[in-house]
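Spelled out, the chains give:
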Amino acid sequence: MKIALYGRDFNDSVLPFVQEVFDALTANQIEITVYQKFFEFIKNKLVLPHNLATFSGHKELVNRADILVSLGGDGTLLDTLSFVRDSQIPVIGINFGRLGFLASINKSEIDAAIKALVNGEYTIDKRSLLNLESKTGLFNDENFALNDITIHRRDDSAMMIIHAYMNGEFVNSYWADGLIIATPTGSTAYSLSCGGPIILPSAQNFVITPVAPHNLNVRPIIVPDDVELTFEVEARSTKFLLTCDSRTETVDRSVKININKAKFNINLIRLNNETFLTTLRNKLLWGIDTRNY
């Protein structure tokens, strides 16, 4: 089995857990490939196997990994999309962060998780992505998002008006600080913090969630994922911010944004002892009430 590792820089408190990952992979005779920048960060801090292979981009990864393991929080796992893209390489995250809806493996479960990967004790969750199109070619060939695409005002600008259309039909003009278009996967991220609903990953929907809307009767709306959404921005400022997950660009307000479902999915690994509902209960502390005890 060939496993690739991706990570970001982190504080030294995480080093023992990263060492445990390498030790578990080595003990199971797994061929390891490490993201080049991450390797440079850890090479003098850990005891690493000899002759580690490295990768720097999408093309290098494709033939070197059966599985990609993300070391960090949900943001780190989102970074892996740039390397996986449409290769169908499955991804799993070991959570060194806080909440971790996507990076669901706890630091205390590293050895058991590696053994489960080796023994094939997991299933694949196919997660839909958003695809962004514009005449200016925003985000180039990384114009996709697993969590959400967000239209947002700049820090120094006033409230914006975002005109939204679905398959060419006018939906609404949102007077707000911004607008979030989220997948079911992203429904537990930024959209949730702005009052959006939780959507099960298998649902074939997107959700449009306003950020701090001026009109309080404007609420999130769930739409089918087979539609094309179009957005036009009206604002005092000549520029606004546009994000694809963690990637951000500053865009001229004259640019029209088209969003639809991407033509490929991302494969997330779910260990056999996990379900989406158990993750919700554990992460959101559902049912944890001192009055019950």
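Keep in mind that this is a model prediction, so the values were computed, not measured.

Some details on the layout of surface pockets
Step number 1: If you add up the space inside the largest pocket, you get close to 420 Å³.
Step number 2: Along the wall of the largest pocket there are 20 residues; nearest its centre are Ser104, Ile105, Asn106, Glu109 and Glu274.
Step number 3: Among the elements of the structure, helix H6 (110–118) and helix H8 (276–284) are those that each provide at least two residues to the lining of the largest pocket.
Step number 4: Take the lining of the largest pocket: its biggest share by element is four residues, from H8.
Step number 5: Split by residue class, the lining of the largest pocket holds five nonpolar, nine polar and six charged.

With respect to helix H1 (residues 15–27)
Step number 1: The terminal C-alpha atoms of H1, which comprises 13 residues, lie 18 Å apart, in line with the 18 Å expected from a rise of 1.5 Å per residue.
Step number 2: Turning to H1, its buried residues are Leu15, Val18, Gln19, Val21, Phe22, Ala24 and Leu25.
Step number 3: On the buried face of H1, the contacting elements are strand E1 (2–7), strand E2 (31–35), helix H2 (36–42), strand E4 (67–71), strand E5 (91–94) and H6.
Step number 4: After H1 finishes, the residue glutamine 29 shows a positive phi value of roughly 55 degrees.

Brief notes about the pairing of strand E17 (residues 247–252)
Step number 1: Direction of pairing for strand E16 (residues 239–244) relative to E17: antiparallel, over a ladder of six bridges. Each bridged residue has a counterpart across the sheet, and for leucine 242 the counterpart in E17 is glutamate 249.
Step number 2: The antiparallel hairpin formed by E16 and E17 contains two residues in its connecting segment, where aspartate 245 sits at a positive phi of about 55 degrees.

So, H8
Owing to its 3.6 residues per turn, the α-helix brings residues three or four apart onto one side.
Step number 1: When H8 is considered as a whole, its buried residues turn out to be Phe276, Thr279 and Leu280. Taken down its axis, H8 places every buried residue within 100 degrees of arc, on the same side.
Step number 2: Taken from the residues just after H8, leucine 285 is the one with a positive phi, measuring 60 degrees.

Notes on the sheet that holds strand E9 (residues 148–152)
Step number 1: If you walk across this open sheet you meet the six strands as E14-E13-E12-E9-E16-E17, and the pairing is antiparallel. The open sheet has two edge strands with one neighbour each: strand E14 (221–224) and E17. Between one strand axis and the next, the sheet turns by 20 degrees as a mean value, whatever way the strands run.
Step number 2: Where strand E13 (residues 205–211) lies against E14, four bridges are found, and the strand directions are antiparallel. Its bridge partner being in E14, isoleucine 208 is matched across the sheet by isoleucine 221.

A closer look at the nonpolar core
Step number 1: Counting 56 residues, the largest nonpolar core has Val18, Phe22, Phe38, Leu68, Val69 and Leu117 as its most contacted members.
Step number 2: The greatest single-element share of this core, amounting to six residues, is contributed by H1.
Step number 3: In contact with phenylalanine 38, other than residues within four places in its own chain, are Gly7, Arg8, Phe10, Val18 and Leu71.
Step number 4: Counting residues in hydrophobic clusters, the runner-up holds 29 residues, among them Met160, Leu229, Val233 and Ile259.

Describing the sheet that holds strand E7 (residues 130–133)
Step number 1: In spatial order, the strands read E8-E7-E18-E15-E10-E11; together these six strands make up an open sheet with antiparallel pairing. Each end of this open sheet is capped by a strand with a single partner; those strands are strand E8 (144–145) and strand E11 (169–176).
Step number 2: Here E7 runs beside E8; their pairing, made up of two bridges, is antiparallel. Across the sheet, residue leucine 130 finds its bridge partner in E8, namely alanine 145.

Procedures and definitions
- Residues numbered from 1 in each chain as written.
- Predicted model: local features only at pLDDT ≥ 70, side-chain atom pairs only at ≥ 80, totals over all residues.
- Heavy atoms only, no water.
- 1 Å grid on protein atoms, 1.4 Å probe; cavity = no way out; pocket = protein on both sides within 12 Å on 5 of 7 lines; lining within 4 Å.
- Points joined across faces, edges and corners; volume = space filled by probe spheres on them.
- Helix = DSSP H or I, 4+ residues; strand = E, 2+ residues; numbered from the N terminus.
- Nonpolar A, V, L, I, M, F, W, Y, C, P; charged D, E, K, R; others polar.
- Expected span 1.5 Å × (residues − 1).
- Buried < 20%, exposed > 50% of the residue type's maximum accessible area, 1.4 Å probe, protein only.
- Contact = heavy atoms within 4.5 Å.
- Pairing = 2+ DSSP bridges.
- Arc of directions from axis to C-beta.
- Axes fitted to C-alpha atoms, helices over the stretch in contact; angles between N-to-C directions.
- Core = buried A, V, L, I, M, F, W, Y, C linked by side-chain atoms within 4.5 Å.

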